[in-house]
Protein chains: 2
Amino acid sequence: MTEPSVLPLPAALQSLQRHFSQMPPVLAMQIVAEDFQHGVLRLRAPLSANLNDKNNAFGGSLASLMTLASWSWLTLQLQLAGHRADVYVADSQLRYLAPVYEDLVACAAPVEPGGWDVFLATFRQRGKARIAMAAQVALHSGQVAASFTGRFAAMAKG
Amino acid sequence: MTEPSVLPLPAALQSLQRHFSQMPPVLAMQIVAEDFQHGVLRLRAPLSANLNDKNNAFGGSLASLMTLASWSWLTLQLQLAGHRADVYVADSQLRYLAPVYEDLVACAAPVEPGGWDVFLATFRQRGKARIAMAAQVALHSGQVAASFTGRFAAMAKG
């Protein structure tokens, strides 16, 4: 068995962005993989591409961004760990707390601090695993505008 | 107090479609207000504009379509009843049950059969009201691919 080749972070973020560019709705929302620090992934999208009828952020764009941030966290971590996998969202719960009149910024991480270690051990053993993710869209002021929890599954490729 | 002017259905569907055309992410997903019959609103979007990295429907597009279908149901009904209101999504729960390899078709209606009557009476009395909505994306075969419940609020305009 060969040791999986581990990608450095900037290459993994670029690979994520290439994924985005191949998904038409993500491309239309102009979503950017901005940063991954201290175990938190941050995505950003301009308000202009994500407006609703009230000139603030469309609820579907907020849902998409938080779902994608969670999906991306898991995809990125699997890649950084040297694994190839398909990642799926299984379910989600969302709360819309305040209208967003600025660029949409979503951060995602696992619900449980030790969630990733458990997930990775299971994935390595069985070739598939599940994890609970949390994401939120926070305003520049710090106020949380929308929150998300969801369960994701990954299955090893090939 | 003047009696609200009531729109006929085709004009209300067209008005809904005009709303869609003013929302960039909805326009990008190419969502069409297709039908409203027996209290159920149907929206449709082509798969090509809503693909993910696995060549099936992006979870965010499914979330957007079901959220928008529910929002549209309420917006349409309020318009048909002669009212002008802003409609907001407050929260939602989603389940992703099967991948979608065909055009996305979402249907929406209130969770409770009598939900609209209660909602309308409250809205007329207080100028605002809440309602629980349900939506789903069903495949051509009849299989449910994604399901949604969510609470929506409306506030009278002007």
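Anything mentioned here points back to the structure above.
Sequence order sets the numbering: in each chain, residues are counted from 1 along the sequence as written. To read the labels, note that chains go from A and ligands from 1, taken in the order they are written. The predicted nature of this model means local features are confined to residues of pLDDT at least 70 and side-chain atom pairs, given and counted, to a pLDDT of 80 or more, with totals for whole chains, interfaces and linings taken over all residues.

A. Broad picture of the relation of the copies chain A and chain B. The least-squares superposition of copies is restricted to C-alpha atoms, and to residues with a pLDDT of at least 70 in both copies. Once chain A is rotated about the relating axis by 180° and shifted along it by 0.0 Å, it coincides with chain B to within an RMSD of 0.0 Å. One copy is carried onto the other by what is essentially a two-fold rotation axis. Judged by C-alpha distance, Gln93(A) is the residue of chain A that lies nearest the rotation axis, at 2.2 Å. The residues that chain A uses at the interface reappear at the interface of chain B in 100% of cases, marking a shared surface. Two residues qualify as being in contact provided that their C-beta atoms, derived from the backbone, are within 7 Å of each other.

B. Representation of the nonpolar core in the model. Here a nonpolar core is just a set of buried residues of the types Ala, Val, Leu, Ile, Met, Phe, Trp, Tyr and Cys, joined wherever their C-beta atoms sit within 7 Å. To assign burial, the other C-beta atoms lying within 10 Å of each residue's own C-beta are counted, with C-beta atoms placed from the backbone; 20 or more indicates buried, 12 or fewer indicates exposed, and intermediate counts indicate partly exposed. Core analysis: the largest hydrophobic core is formed by 96 residues, its most contacted members being Leu65(A), Ala69(A), Ala106(A) and Leu65(B). If sequence neighbours within four positions are ignored, Leu65(A) has contacts with Ile31(A), Leu43(A), Ala45(A), Leu104(A), Ala106(A) and Val137(A).

C. Looking closely at the environment of Gly39(A). Residues and elements named next belong to chain A. Turning to its location among the elements, Gly-39 is positioned in the loop between β1 (32–37) and β2 (40–45). For Gly-39, a count of 12 C-beta atoms within 10 Å puts it in the exposed group. With 34 residues separating them along the chain, Gly-39 and Trp-73 place their C-alpha atoms 8.6 Å apart. Secondary structure is summarised from DSSP: a helix means a run of H or I of at least four residues, a strand means a run of E of at least two, and numbering begins at the N terminus for each.

D. Representation of the packing of helix α3 (residues 59–80) of chain A against helix α3 (residues 59–80) of chain B. Between N-to-C directions, angles cover 0 to 180 degrees, with each direction set by a line fitted to C-alpha atoms, over the stretch in contact for helices. Direction vectors running N to C along α3(A) and α3(B) enclose 155°, while the axes themselves pass 8 Å from each other. Between α3(A) and α3(B), the interaxial angle falls into the category roughly antiparallel. Once α3(A) is placed against α3(B), the crossing between them reads as right-handed. For the pair α3(A) and α3(B), the contacting residues are Gly59(A), Gly60(A), Ala63(A), Ser64(A), Thr67(A) and Leu68(A) in the first and Gly59(B), Gly60(B), Ala63(B), Ser64(B), Thr67(B) and Leu68(B) in the second. Put simply, angles under 35 degrees are roughly parallel, angles over 145 are roughly antiparallel, angles from 65 to 115 are roughly perpendicular, and the rest are oblique. Should the near helix be turned anticlockwise from the far one by less than a right angle, the crossing is termed left-handed; should it be turned clockwise, right-handed.

E. Inspection of the environment of Gly82(B) at higher detail. Residues and elements named next belong to chain B. When you line up the elements, Gly-82 lands in the loop between α3 and β3 (85–96). Judged by the 12 C-beta atoms lying within 10 Å of it, Gly-82 falls in the exposed class. Separated by 75 residues in the primary sequence, Gly-82 and Leu-7 have C-alpha atoms spaced 6.7 Å apart.

F. Focus on unusual backbone geometry. A positive phi is found at Asn55(A), a non-glycine position, where the angle reads about 60°. Positionally, Asn55(A) belongs in the loop between β2 and α3.

G. The interface of chain A and chain B, seen in detail. Between chain A and chain B, the residue contacts involve 31 residues of the former and 31 residues of the latter. Going through the elements one at a time, α2 (24–28), α3 and β3 (85–96) of chain A are the ones with two or more residues in the side of chain A that touches chain B. Sort the elements by how many residues they give to the side of chain A that touches chain B and β3(A) lands first, with nine residues. Any residue outside Ala, Val, Leu, Ile, Met, Phe, Trp, Tyr, Cys, Pro, Asp, Glu, Lys and Arg is labelled polar, Gly included; the first ten of those are nonpolar and the last four are charged. Broken down by class, the residue content of the side of chain A that touches chain B amounts to 15 nonpolar, eleven polar and five charged.

H. Seen up close, the pairing of β2(A). Residues and elements named next belong to chain A. Of the two faces of β2, only the one carrying Leu-41, Leu-43 and Ala-45 is buried; Val-40, Arg-42 and Arg-44 on the other face are not. Pairing between β1 and β2: five bridges, direction antiparallel. When the bridges of β2 are listed, Val-32 appears paired with Arg-44. Following β1, the chain reverses through two residues before pairing antiparallel with β2; His-38 in that reversal takes a positive phi of roughly 50°. Relative to strand β4 (residues 104–110), β2 runs antiparallel, the two being bridged by five bridges. Residue pairing across strands places Ala-45 opposite Leu-104, the latter belonging to β4. We treat two strands as partners when DSSP finds at least two bridges between them.

I. Up close: the pairing of strand β6 (residues 144–156) of chain A. All names here are of chain A. Where β3 meets β6, eleven bridges bridge the pair, whose relative direction is antiparallel. Bridging from a neighbouring strand, Tyr-88 pairs with Ala-153 of β6. Direction of pairing for strand β5 (residues 128–138) relative to β6: antiparallel, over a ladder of eleven bridges. Looking at β6, one finds that Gln-136 is bridged to Ser-147. Taken together, β5 and the strand that follows it, β6, pair antiparallel across an intervening segment of five residues, in which Gly-142 is found at a positive phi of about 105°.

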